[in-house]
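# A closer look at the structure
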Amino acid sequence: MTGYLLDTSVLIALVDPAHVLHGTVAAAIDAMDSDDLQYVSAVSIGEIRTGVASVQSIHGRTPTHASQVLAAAQARTLLSINTQVAITYGDLKAAMVSTFMPKASRNKPPAHLEDWIDHATGKRLGINENDLWICAQGFERDLHVLTCDGDFARVQTAEPRLALSVLRVI
């Protein structure tokens, strides 16, 4: 039995038949054993709500597939943030600092991961705080994180023990 933590991107691709990764995600979910466990982070619920509320506020309509994405999330066991996850988050963020932060910037790194610059490429790090929280939940609970977002791979570079699959078009 394996436990999977499904990222928001997986839920979105799963319910939208027109999504470029719909078939890949559906196949990955279908390939899971019947006794495998599927979890969703409370962070994903927040991301879904942000998307829905933003589209409603800006465009005055509910986004296509919003209720299906929320239903897909709620059909799985919801994981909340606890003290141990917060400690794991801190450890993962520290691993990101030691892996990607130039030595000259380590004493006072930018406050947000999104603003960090990869010292090898000179480009932004490309991972956001929410993704790091989701990785922390998966890592702390020994779950396999399933995502469509390639930026999660940066966390695995910093912490190779993170069980992670980034789904791509086959």
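The structure presented is a predicted model; accordingly, all values stated were derived computationally and were not measured.

### Some details on the pattern of salt bridges
Within the structure shown, the criterion is met by 3 salt bridges. With a shortest N-O distance of 4.0 Å, glutamate 140 and arginine 141 are connected by a salt bridge. The partly exposed category is assigned to arginine 141, whose relative accessible area is 26%. One salt bridge connects arginine 161 with glutamate 159, and the closest N-O pair in it is separated by 2.9 Å. Its relative accessible area of 62% is what places arginine 161 among the exposed residues.

### Here's the deal with the sheet that holds strand β4 (residues 144-147)
In spatial order, the strands read β3-β2-β1-β4-β5; together these 5 strands make up an open sheet with parallel pairing. The open sheet has two edge strands, β3 (77-79) and β5 (164-166), and neither has a second partner. Here the strands of the sheet are splayed against their neighbours by 30° on average, with no regard to which way each runs. Where strand β2 (residues 37-41) lies against β3, 3 bridges are found, and the strand directions are parallel. When the sheet's bridge partners are listed, serine 41 is paired in β3 with leucine 79.

### Considering the side chain of threonine 8
Inspection of the secondary structure puts threonine 8 in helix α1 (residues 8-15). Classification of threonine 8 as buried rests on a relative accessible area of 6%. The contact partners of threonine 8, leaving out residues within four places of it in the chain, are Ser44, Glu47 and Ile48.

### Let's talk about the pairing of β4
Of the strand pairs in this sheet, strand β1 (residues 3-6) and β4 are connected by 3 bridges, and their pairing is parallel. Bridge pairing links leucine 5 to valine 145 in β4. Regarding the hand of the β-α-β motif, the stretch spanning β4, helix α7 (residues 152-158) and β5 is right-handed.

### A short note on the pairing of β1
Residue alternation in β1 divides its side chains into two sets, Gly3 and Leu5 and Tyr4 and Leu6, and both sets are buried. As paired elements, β1 and β2 share 4 bridges and run parallel to each other. Looking across to β2, one finds that leucine 6 is bridged to valine 40.

Parameters at a glance
- Residues numbered from 1 in each chain as written.
- Predicted model: local features only at pLDDT ≥ 70, side-chain atom pairs only at ≥ 80, totals over all residues.
- Heavy atoms only, no water.
- Salt bridge = Lys/Arg side-chain N within 4 Å of Asp/Glu carboxyl O.
- Buried < 20%, exposed > 50% of the residue type's maximum accessible area, 1.4 Å probe, protein only.
- Pairing = 2+ DSSP bridges.
- Helix = DSSP H or I, 4+ residues; strand = E, 2+ residues; numbered from the N terminus.
- Axes fitted to C-alpha atoms, helices over the stretch in contact; angles between N-to-C directions.
- Contact = heavy atoms within 4.5 Å.
- Right-handed = clockwise from strand over helix to strand, strands pointing away.

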